[in-house]
Amino acid sequence: MMDTLSVASWNINSVRFRMDIVEQFLREAQPDVLCLQETKVENRDFPYEPLRRLGYTHIAINGQRMHHGVAVISKVPLAEDDRLDWQANGEARHLGVRLANGLRIENVYIPAGGDVPDRAVNPKFGQKLDFLERMIEWSHGLSGIPTLLVGDFNVAPLESDVWSHKQLLDVVSHTPIEVATLARLQAANDWVDLGRQFVPAPQRLYTWWSYRAKDWAASDRGRRLDHMWASRDVAAKAVAHRVHEPCRSWLKPSDHIPIVTEFAF
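Scoring rules and cut-offs
- Residues numbered from 1 in each chain as written.
- Predicted model: local features only at pLDDT ≥ 70, side-chain atom pairs only at ≥ 80, totals over all residues.
- Heavy atoms only, no water.
- Axes fitted to C-alpha atoms, helices over the stretch in contact; angles between N-to-C directions.
- Helix = DSSP H or I, 4+ residues; strand = E, 2+ residues; numbered from the N terminus.
- Parallel < 35°, antiparallel > 145°, perpendicular 65-115°, else oblique.
- Left-handed = near helix turned anticlockwise from the far one by under 90°.
- Contact = heavy atoms within 4.5 Å.
- Nonpolar A, V, L, I, M, F, W, Y, C, P; charged D, E, K, R; others polar.
- Expected span 1.5 Å × (residues − 1).
- Buried < 20%, exposed > 50% of the residue type's maximum accessible area, 1.4 Å probe, protein only.
- Pairing = 2+ DSSP bridges.
- Salt bridge = Lys/Arg side-chain N within 4 Å of Asp/Glu carboxyl O.
- Core = buried A, V, L, I, M, F, W, Y, C linked by side-chain atoms within 4.5 Å.
- Phe/Tyr/Trp six-rings, centres within 6.5 Å; stacked < 30°, edge-to-face > 60°.
- Lys NZ or Arg CZ within 6 Å of the ring centre and 35° of its normal.
- Arc of directions from axis to C-beta.

An account of the packing of helix α3 (residues 123-140) against helix α5 (residues 176-188) is requested, with residue identities and associated values reported.
Taken N-terminus to C-terminus, the directions of α3 and α5 make an angle of 15°; their axes are 8 Å apart at the nearest point. Here α3 lies roughly parallel to α5, going by the angle between them. Handedness of the α3/α5 crossing: left-handed. Between α3 and α5, the contacting residues are Phe125, Lys128, Leu129, Leu132, Glu133, Met135, Ile136, Ser139 and His140 on the first element and Ile177, Glu178, Thr181, Leu182, Arg184, Leu185 and Ala188 on the second. Within the contact of α3 with α5, the residues separate by chemical class into 9 nonpolar, 3 polar and 4 charged.

Structural data, given as structure tokens:
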């Protein structure tokens, strides 16, 4: 008998402030596992109870006050978890867990990189590139491990991943050096981009819209910053991928939306 497993990923931009829509999403989509980024809460203040009431009794967190933070909440048991510090600065940007079936889920929040795509004048941009370089080194060591890498990568790699390729070439998240570095990360473990496996380029596929737009849907200046990548063996088990765009219009929304992949193991 096949077991199905659905895994969601969502940059929630403060889990406590947006707990209402987290609960709404869990009730409607009912993923088995939800990986959150930018939770912005210390571990001791994480909102466990509302999640447990909805059946998500297995929770792993790597929290931080005010900034960053990642969490994995699950209906299925989570084994070992680890927290890698790819910037060597203590920022809570990674959480890896293992499921009973052997699948590793690696939940990551890659730095945004500031506003100027030049590491000489903007150290944050250099930190982002260095973070990706360390992830490339890590990816080289994953051969043979069934792995799902999810999260807010803060890079829209393809021309069709942004509303205007030409206008965003000099904008952090779509610059040539970021795109090239992300491509090297993808090659480091032969990762399969599940979003584009199910919605092939050049079809429109966005996961983020700025708060600055008066009407995000009308202007539709989106970018695909959130990703799910799978090792080849895991990608072969993927049967569906959904992008929950209506969530961007919910009350007190995140500027990101959840993405969900379903697997048949």
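Before we move on, can you summarise α3 with the specific residues and values?
An ideal rise of 1.5 Å per residue puts 26 Å on 18 residues; α3 measures up with 26 Å between its terminal C-alpha atoms. Taken as a whole, α3 has its buried residues at Phe125, Gly126, Lys128, Leu129, Phe131, Leu132, Met135, Ile136, Trp138 and Ser139.

With reference to specific residues and values, describe the sheet that holds strand β12 (residues 226-230).
Strand order in the open sheet made by the 6 strands is β5-β6-β7-β8-β12-β9, with mixed pairing throughout. Only two strands of the sheet have a single partner each, and these edge strands are β5 (78-82) and β9 (192-193). The pairing of β9 with β12 spans 2 bridges and is antiparallel. Each bridged residue has a counterpart across the sheet, and for Val192 the counterpart in β12 is Ala230. Lying on the sheet, α3 is in contact with β7 (104-109) and β8 (147-152); it crosses β7 at an angle near 170°.

Account for the pattern of salt bridges, naming residues and giving values.
Opposite charge on two side chains makes pairing possible when the charged atoms of those side chains draw close. Counting across every chain of the model gives 19 salt bridges. With its nearest N and O atoms 3.2 Å apart, the salt bridge here joins Glu49 to Arg52. Linking Glu49 with Arg52, this pair stays in helix α2 (residues 48-53), spanning 3 residues, or about one helical turn. Put simply, Asp161, Asp193, Arg196 and Arg224 are held in one network by salt bridges that share partners.

Run through the nonpolar core, naming residues and quoting values.
Formed by 25 residues in total, the largest nonpolar core has its most connected members in Trp10, Val22, Phe25 and Leu34. Broken down by secondary-structure element, the contributors of at least two residues to this core are β1 (4-11), α1 (19-29), β2 (33-37) and β4 (70-74). Setting aside chain neighbours within four positions, we find Trp10 in contact with Ile21, Val22, Phe25, Leu34, Cys35, Leu36, Gln37, Cys247, Ser254, His256, Ile257 and Pro258.

Give me the pairing of β12: which residues, what numbers.
For β12, a buried count of 5 out of 5 residues is recorded, marking the element as mostly surrounded by other parts of the structure. Covered by surrounding structure in β12 are Asp226, Met228 and Ala230 together with His227 and Trp229, the residues of both alternating faces.

Can you break down the packing of aromatic side chains residue by residue, with the values?
According to the stated counting rule, one finds 8 aromatic pairs in the structure shown. An aromatic cluster is defined as three or more aromatic residues linked by ring pairs; in this entry it consists of Trp86, Phe131 and Trp138. The positively charged end of Arg93 is found above the aromatic ring belonging to Tyr109, 4.7 Å away from the centroid. The ring of Trp163 carries the charged tip of Arg221 above its face, separated from the ring centre by 4.1 Å.

Can you explain α5? Please cite residues and give values.
In an α-helix, one turn spans 3.6 residues, which is why side chains three or four residues apart end up on the same side. With 13 residues, α5 should reach 18 Å at 1.5 Å per residue; the first-to-last C-alpha distance of 18 Å fits that figure. Residues of α5 that are buried: Glu178, Thr181, Leu182, Leu185 and Ala188. Buried residues of α5, seen end-on, are gathered within an arc of 110° and therefore sit on one face of the element. Counted as exposed and oriented over 90 degrees from the buried face of α5: Pro176 and Ala187. Backbone geometry just after α5 places Asp190 at a positive phi near 55°.

Tell me about the side chain of Glu23, and name the residues and values.
By secondary structure assignment, the location of Glu23 is in helix α1. Excluding anything up to four places from it in sequence, Glu23 contacts Pro50 and Leu54.

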